Amino acid sequence: MAKTFANSARWSLASGAVNSLTRSVEQAWGYVKSLDTSLNNIQIVTGKSADEMKRFAEQANSAAKGLGATTTDYTNAALIYAQQGLSDKEVEARTDITLKTANVTQQSAADVSEQLTAVWNGYKVNADEAELYVDRLAAVAA
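Quick caveat: nothing in here was measured; it's all calculated off a predicted structure. (Residues numbered from 1 in each chain as written. Predicted model: local features only at pLDDT ≥ 70, side-chain atom pairs only at ≥ 80, totals over all residues. Heavy atoms only, no water.)

A. Fine view of the side chain of Ser38. If you trace the backbone, Ser38 turns up in helix α1 (residues 2-46). Within the structure, Ser38 has its side chain in polar contact with the side chain of Asn76 (distance 2.9 Å). What Ser38 contacts, discounting residues up to four positions off in sequence, is Thr72, Thr75 and Asn76. (Helix = DSSP H or I, 4+ residues; strand = E, 2+ residues; numbered from the N terminus. Polar contact = N/O pair within 3.5 Å; in protein donor to acceptor, adjacent residues only side chain to side chain. Contact = heavy atoms within 4.5 Å.)

B. Broad picture of the packing of aromatic side chains. Evaluation of the coordinates by the stated rule reveals 1 aromatic pair. Between Tyr81 and Trp120 the ring centres are 5.9 Å apart and the planes differ by 50°, which places this aromatic pair in the tilted class. A residue pair is termed long-range when its members are at least 10 positions apart, and Tyr81 in helix α3 (residues 71-83) and Trp120 in helix α5 (residues 109-122) qualify at 39 residues. (Phe/Tyr/Trp six-rings, centres within 6.5 Å; stacked < 30°, edge-to-face > 60°.)

C. Region of interest: unusual backbone geometry. Non-glycine residue Gln106 carries a positive phi angle of around 60°. Position of Gln106 relative to the elements: it lies in the loop between α4 (88-105) and α5. With a phi angle near 50°, Lys124 is a residue other than glycine that sits in the positive phi range. For Lys124, a relative accessible area of 71% puts it in the exposed group. (Buried < 20%, exposed > 50% of the residue type's maximum accessible area, 1.4 Å probe, protein only.)

Structure, rendered in structure tokens:
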């Protein structure tokens with residue numbers, strides 16, 4: 001009986017470890033697919049070359065780390081601004097501000113990008129003034 005119990009416990013631990021590893025691999029695969037889709041969409045919208053997209057992906061990864069976000073969050077936000085036909089400088093500035101705002105407000109980057117796009121487009125804000133408008137919104141909200 002003790003041997004059966006010990007074997008059952010070992011099997012349970014081994015099974016749990018295999019299941020945990022499987023879930024981790026599935027999550028990693030899903031993340032890579034999502035990131036690849038986002039980068040492909042940006043390439044389609046912007047018409048950038050493979051080399052330009054490689055540099056963009058490296059920059060996006062670095063910026064996302066600095067902002068406490070995932071690279072996919074960064075690229076999805078960047079896609080929204082790229083679809084608006086903004087320059088690379090404007091896309092980068094607005095994406096950074098969007099992720100900072102999303103972190104502070106505990107909202108999704110998608111929701112924040114919609115809200116900020118409405119403000120920025122409504123007031124015809126350029127990249128240099130974008131953060132100033134977010135500061136003003138925060139002051140009004142406070």
